[in-house]
Each structure stands twice: as structure tokens, then as C-alpha cells.
Amino acid sequence: MVTLVKVTVHYGHPLTKITGKAREDVIVKKGSTVLFLLKNLATKYGDAFKDHVFSNYERNQVKEGTIISLNAKYISDETKKIKIEDNAFIGIFRAVGGG
Amino acid sequence: MKQLFGYAGKVLRVNLTNKKILRQPLREDIIDNYIGCVGYAARVLWEELKPGIDPLGPQNKLIFATGPLTGTLCPASGSHEICTKSPLTGAWAEAHSGGFFGPKLKFSGFDFVILEGRAEKPVYLWVHDGEAEIRDAKELWGKTVHETTDVVLEEIGDPEASVACIGPAGEKLVRFAAVMNDKDRAAARCGPGAVMGSKKIKAVVTNGIQGISIAQPEEFYEAVTEAEEALKKNMPNVHTIIPLGTIGLVNIYNSQGALPTKYGYTGYFENAEKFSGETLANTFLVKRRACFGCTMGCGRYSEVKSGPWATPPHEGPEYETAAMLGSLCLHDNLEAIIRANYLCNSYGLDTISTGNAIAFAMECYDKGLLTIADTGGLELRWGDSATIINLIENIAKREGVGDLLAEGVRRAAAKIGKGAEELALHVKGLEMPAHEPRGEAKSTALLYATSPRGACHMHPYWTGSWDFNQWTGGLLELGLPWPAPDRFAETGVGKGLAVKLLMFHGVIQDITGVCRFPALGKEDDCITPKRYARMLSALTGREINQFELMKISERVLNLEKCFNVREGLTRKDDTLPKKMKEPIATGPTKGQAVTNLDGMLDEYYEACGWNKKTSIPTREKLEELGLKDVADELAGMAKTPKI
């Protein structure tokens, strides 16, 4: 039996513009990696998303400066091995400062 | 006196009690050792203020300060600072603002304006072309910031002048009243507006055409160009700050569980998108705004044309304002946030402290510590726009429960009692801003605990740029631990040393008189200490490198610390609200808490060369920094623990 899990994905600008939303809930198979999720999202939102997140899509390399977080822990270099748990929060954003 | 390149060269000293106006030359000994702006002001206030004075009494002084880079081609040079003893904290106060006032003050022929004494009747000061005159402000008293600005500009007949003024909140001595300039720019933190109100000075108005002499024009231009080229590569600016303004941080901070929500309950708000930068850009944004000499243009200009929260065009809201008057109050109505921002600007209120005080009142009401009898019939409901708007009015006018909140949350909590002290979010009496330290980074927690002016994310520098953003700020050659550790780690990973170095970097902007934002970034895409040193050297003709500049920053930060020590503050005041030691309740950072502040403090004091037990700089450290006289004075004070 396939078990599904829900993950909440948050986007930072300009991904908010590319996706048309700041947040969405996504259902994936339990045991899916973060990389699998990112590639699914790239398929869904097209080249603009792909270019923003990946420096080399085929080689699964996340672009320098793009931060991927899982429950607020930065995992940009580990997306291939980290699996998504139910009710996780994924963040995809570029560092920004100020206040 | 030799020519001082980069400076206007004069200090304007105005005694409001006897109406004496003095034009004094800059003190070269202070310039040599403290550069200018906050550094100069810190030395003057150290020498001229007696410890223990009432910040709202005539003995206090208030200094409008600029630095050598203010008003030059240096990127984002439209800054000034206001330094005084804070009526909110009783400690060192510096409040930074952008806009045009700082450059125009220098163009008027003065680097500093020192206000002393107390006027018998309301006055304003008109500073122009090397002259200054005290004018009657009877007709201005009671007017809002926007009204005052319009009336004064018409009265002096110079629409290009810059007005820094207080609104009704400053007149009513609200302890977190701001000094607003150019209508919507705020020098707000620590309550300088209340100090102006106590002195019965409504405004300082300035303009002039005096230029700024440059020692090595070609070298300066090259150094500026290098800085500009670096900023062009700054992707955070390109991707977020330029298109969205600082309010563009709302969605990002929420995604990271660092958006302060429901007054310390959590760092995550389901409805954050409703008042985000993206939503503002698609609804009420009129245009972008930039300060003098800025290529970033982080300012927003917004308007709500109709409806219950209709608001005329004005500048804002910033991220801090949106979060403090939004998620912190569990509030998501962007139109009402814009209205609230406008009211704060009009009345001259710090939006950070105001939002904090309102959310504090909501929690007290929720927990039964404040009742409807205390509020004069006003229900203080979480997330209710009308409650927020009403409380802003009440605070600014010191009416009803607003009179209590106008004292700041520390004093208000003490008066309420019944455990309210444990709810209030402040450090040293300064209300905590909108970077939830448990969710953002533990360096931020350490910064909040140790910043000389109290809980602040930007003074002297946003340390989260290192462990939250993974930026260096150009500090690698100066010893910044790298790579930055996990943002939630506390001790044993170099956070004490890093916070110290990042603070020194921030003081560079404070003493040269420029905006902090261009200093946030990586080695190749921000203005590093080395780039500041290059510009400063060419401007002033005094060769200085990044190491020497950081040493001067260290001297200034130590002097600010000693100002607080002299006022009786010690390690016990370098603390965090109780809630910061409790876990965040929901969202991506659920469970995060500050668990070992004492350990982080030990590491910070050790890095600074301060006594770990008392937090006081050691005599050895002060003498190394050329502050022997400061060490002697502290040692001679009966109240002060031995240094």
C-alpha cells in the first residue's frame, strides 16, 4: 500500500511570482526525497522555476544562493538523500536581509 | 585649524533655556579617535552628561549627528543619527534614519546639532547656510508630523528644506516617540521624540548649499565606483529588496518560522501572505522611494483609496511595521496595517514599540490581567483592526489605557503586576522587534541581549546575516568564523566572536554616517570594511585601513557599553525575555528556544575582553583602546563594580 504524506512548501520572491503563490500543500509518497519534490515542482512550474532553483538540473545541483530548508534546517546540499516526513515545512528562497 | 575633508567642519550647539547659539569647530581629537556621527556623539555625551540624570529633564542633551560619508557619492549616504540618553531604557540611545535630513544638515554647514536645556515655550530651529535661528512654534504644537512639515516649509519659504519633527506623541512624552524627517522617515528607537518634546522643540529644519570637500576626488570616485559595482551583484537586493521593499521579508521569514506571531507564542502565521510584500505590490503600492544617494530604493509608497481604512499616500509600510502591527497582533488586514503605519508616522511613534505594546496589551487582556474596566470599555481582541487603530490613537494622545502603554512595556508590565512582567517582550526596556530570535538565529538572540540600546536587530548590525543568511559581510580577513554554523547552534561554534566582529562592522556605518543595508552581503557583493576604508581614506585624506577602522568601531562600542555601565547596567541587564527561553509552539521552528544564553554571553564577553562576571570592559581593554579616562571614571564610581 502506498502511504502519502503532506508537505507545506513556502516560496520566497521571485518564486512567489513564478508559482503565483507564497505557500502550497503538496502530497507526495512517503519516503520521497526533497530532490524528488523539487523536480516535481520544476515540472509543474516550468523553466523559470527550474532556472531559479537549479544550476544544473540534470546533475541535481541546487543553484548557489538558493536556500532549501526542511523544517527551518538548511539542506541545499543534501536534497538527494533527505526524505520528507509528514507535515514537514519546505522553504525555497534566496537569502535577504534588512528589516 | 586644518581643513577637514569630508566634514562640514562645525558643530551647532543650541541652548534652549537661554537661547544661546554657538558655532563651534569640530574637535579634531574626537574626529581622530571616533571618526564622526555616532562615534563623535558618544564621546560628547560621555563627557557632558552626568550619570543618573532624568532623560526627560533639561540636563539631557540630544545630538543630531552626521558622518564624513553622509551626503557624499558613497552609496546610501542619506543617513543621520540621533543620540541621547533614552527615556525608555535609561541607557545609551541612538536612532538612525534615512531620507534627506542628514545630507542637508551637512550642506547647511554643520555636522552636528547639539540641543541642550529646555525651551520655555514651543520652538523650532531653522538651520541654513551656516546660520541658525530659534523660531516660535506655538502654532505648531499639537499638529501632526505631516501638518507640521507642510506648515514649516511654507513658513520658511524653502520647499526643498528637510524637516525633522515630532508629532503629538513626542509632545505627550510617549517614551517611544520618534523624530520623523521628510514626513515618513523615522529616527524612532529608544524615544528621541520624547526628549525633543521634553525640551519643547517641535522641529529642526535644515537646508544649504555648502559642498563637501574631498581630499582625493579621483580616488574617491574610483572607490565609490567599486562599491557601486559590488552592490550591483547583490542578488538579495535584486530579487527582493528592490522589487518588494523590506516588507518582502514577510513570506520568507514566515517560511523559516521566524515571523513573530501572537506575542511570543510562535514564529509562524498561517495568514502571513495577506500582508506580505507581494500582496502590497499587487494592491496598494503607488511607487518605490529611495533616500539620498541610494541605488537600492527599499522604501515603499502606498495608499488605500477607500473603505474603513482609507489612507492618503505616504511612505511604508516596512517589514518591521507590517510584522509588529500584523502577525505579532495576530492581525492580517493589510489595509489596516497601512492605516496604522500612517497614524504612527503622523503622531510620531516608533512602529516597532507601538506594535509590541499593542500585542502586549492584547495578551494581558486575553489572560485577564487587563479588564474592560482598565481599558475604558475597549475590548482588546487579537487580530482586530479597530483595536489596533484605537490603541495607536490612545497611546499617541496618552488617553485611557494608552497612557499606560505609552510608558513602554517594561513600565506598563510593572504597573499591571500579576505576572505581566513575564509576558513583556523587551531587553533593557526596549521593545523587541520583528526578527523572532528563536526562529531566526541564535546570534540574533545574543545580539538582542547585548546591544547597547536594548533589543534591536539592526544595532549595531544584523548578525543573522551570518548564521541565518550565510553571508560574510566581508569579514573573513578580519577573523569571522567560517563557514557559518547552524543557525540554531548556541555555544562552541564561535558565535561570541562572530557577533563581536559583526557589531564592529555595523559601527562603521554608524560612525561614517551611512545606511546599514549596503553592508549586508558577501565578500564580493556588499560594502565591506575594506571598501568603507578605501572610500573614507580618499574622502578625508587620512589613510586608514579596514583593521584600523574596526579598531575605532571597537572603541566606540566600548564607550557605548561604558555609558551604560556608568548608568548602573551590568550583566544582569544583558538578558532576554522569559518567553525566549520557552519553545516556539508551531510551524517550521516548533520547539526552538534559547537554552544557553549564559554560555553565549560568556563567549561574547571573552571575545570582547570584558569581565565575564560583570560584563564590564576590563581596564586592560579600555586602556588598549585609548579609553584610560573612561576606565578611571568608572573605577572612581562608588556604585560601579570594580573593573
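Residues numbered from 1 in each chain as written. Chains lettered and ligands numbered in written order. Predicted model: local features only at pLDDT ≥ 70, side-chain atom pairs only at ≥ 80, totals over all residues.

**Student:** Can you lay out the overall build of chain A for me, pointing to particular residues and giving the numbers?
**Tutor:** Helix and strand counts for chain A stand at 3 helices and 7 strands. Put simply, chain A runs from its N terminus to its C terminus through helices and strands in the order β-α-β-α-α-β-β-β-β-β. Expressed along its principal axes, the backbone C-alpha trace of chain A runs to roughly 45 × 30 × 25 Å. At a minimum sequence separation of 6, the contacts of chain A that also span at least 24 residues come to 54%. (Helix = DSSP H or I, 4+ residues; strand = E, 2+ residues; numbered from the N terminus. Contact = placed C-beta atoms within 7 Å.)

**Student:** Could you give me a rundown of the packing of helix 20 (residues 495-512) of chain B against helix 23 (residues 597-608) of chain B, with the residues and numbers involved?
**Tutor:** All names here are of chain B. Following both chains from N to C, one finds helix 20 and helix 23 inclined at 55°, their axes separated by 7 Å at the closest point. When the interaxial angle is binned, helix 20 and helix 23 end up oblique. Here helix 20 runs over helix 23; the crossing is right-handed. Contact with helix 20, carried on its side by Lys495, Gly496, Leu497, Val499 and Lys500, involves Met600, Glu603, Tyr604, Glu606, Ala607 and Cys608 of helix 23 and no other residues of that element. (Axes fitted to C-alpha atoms, helices over the stretch in contact; angles between N-to-C directions. Parallel < 35°, antiparallel > 145°, perpendicular 65-115°, else oblique. Left-handed = near helix turned anticlockwise from the far one by under 90°.)

**Student:** How would you summarise the domain arrangement of chain B if you had to cite specific residues and measurements?
**Tutor:** Residue and element names in this part refer to chain B. Segmenting chain B into domains produces domain 1 (10-207), domain 2 (234-431) and domain 3 (437-635). Distance between the C-alpha centres of domain 2 and domain 3: 26 Å. Taken together, the contact pairs 22 residues of domain 2 with 27 residues of domain 3. When contributions to the side of domain 2 that touches domain 3 are tallied by element, the ones reaching two or more residues are strand 16 (426-427) and strand 17 (430-431). Partitioning the side of domain 2 that touches domain 3 into residue classes produces 11 nonpolar, 8 polar and 3 charged. (Domains from an automatic or database assignment. Nonpolar A, V, L, I, M, F, W, Y, C, P; charged D, E, K, R; others polar.)

**Student:** Give a detailed account of the sheet that holds strand 1 (residues 4-11) of chain A, specifying residues and quantitative values.
**Tutor:** Residues and elements named next belong to chain A. Spatially, 5 strands are ordered 2-1-7-5-6 in an open sheet, and the strand pairing comes out mixed. Two strands in the sheet have a free side with no partner beyond their single neighbour: strand 2 (23-29) and strand 6 (73-74). Pairing of strand 5 (residues 66-70) with strand 7 (residues 88-94), which is carried by 5 bridges, proceeds in the antiparallel orientation. Following the sheet pairing, Thr66 is matched in strand 7 by Arg94. (Pairing = 2+ DSSP bridges.)

**Student:** Residues and numbers for the interface of chain A and chain B, please.
**Tutor:** Across the boundary between the two partners, chain A contributes 20 residues, which contact 39 residues of chain B. Ranked by residue count, the leading element in the side of chain A that touches chain B is strand 7 of chain A, at 4 residues. Of the residues assigned to the side of chain A that touches chain B, the class counts are 7 nonpolar, 11 polar and 2 charged.

**Student:** Describe in detail the environment of Lys579 of chain B, supporting the description with residues and values.
**Tutor:** Residue and element names in this part refer to chain B. Mapped onto the fold, Lys579 is located in the loop between helix 22 (546-566) and helix 23. Along the chain, Lys579 and Gly506 lie 73 residues apart, while their C-alpha atoms are 28 Å from each other. Residue contacts for Lys579: discarding those within four places in its chain leaves Gly264 and Leu425.

**Student:** Tell me about the sheet that holds strand 3 (residues 62-65) of chain B, and please be specific about residues and values.
**Tutor:** Residues and elements named next belong to chain B. Reading across from one edge, 2-1-6-3-4-5 is the order of the 6 strands in this open sheet, with mixed pairing throughout. At either margin of the open sheet sits one strand with a lone partner, and together these are strand 2 (20-25) and strand 5 (92-97). Averaged over all neighbouring strand pairs, the angle between strand axes comes to 15°, with direction disregarded. Summarising the sheet, strand 3 and strand 4 (residues 80-85) pair through 3 bridges and their orientation is antiparallel. Looking across to strand 4, one finds that Ile63 is bridged to Cys83.

**Student:** Before we move on, can you summarise the packing of helix 7 (residues 217-232) of chain B against helix 21 (residues 529-540) of chain B with the specific residues and values?
**Tutor:** Residue and element names in this part refer to chain B. Helix 21 packs onto helix 7 with a crossing angle of 160° between their chain directions and a minimal axis gap of 8 Å. In terms of orientation, helix 7 lies roughly antiparallel with respect to helix 21. Crossing angle aside, the handedness with which helix 7 passes helix 21 is left-handed. When helix 7 is examined against helix 21, the residues Glu219, Phe220, Ala223, Val224, Glu226, Ala227 and Ala230 are found in contact with a partner set consisting of Arg531, Arg534, Met535, Ala538 and Leu539. Class assignment for the residues of the contact of helix 7 with helix 21 results in 8 nonpolar, no polar and 4 charged.

**Student:** Explain the nonpolar core to me, using residue names and the numbers behind them.
**Tutor:** Proteins that are soluble and globular tend to have nonpolar side chains buried together. One finds Ile63, Val113, Leu349, Ala361 and Met535 of chain B to be the most contacted residues of the largest nonpolar core, which totals 237 residues. Excluding residues that lie within four positions of it along the chain, Leu349 of chain B makes contacts with Ala169, Val174, Phe176, Ala177, Ala178, Cys344, Thr354, Ile392, Ile395 and Ala396 of chain B. (Core = buried A, V, L, I, M, F, W, Y, C linked by C-beta atoms within 7 Å. Buried ≥ 20, exposed ≤ 12 C-beta atoms within 10 Å, placed from the backbone.)

**Student:** So what's going on with helix 25 (residues 628-635) of chain B? Residues and values would help.
**Tutor:** All names here are of chain B. Of all the residues in helix 25, the buried ones are Val630, Ala631 and Leu634. Angular distribution of buried residues about the axis of helix 25 spans 100°; they occupy a single face of the element. Facing away from the buried side of helix 25, by more than 90 degrees, are the exposed residues Lys628 and Asp629. On its buried face, helix 25 sits against helix 2 (37-48), helix 22 and helix 24 (619-624). (Arc of directions from axis to C-beta.)

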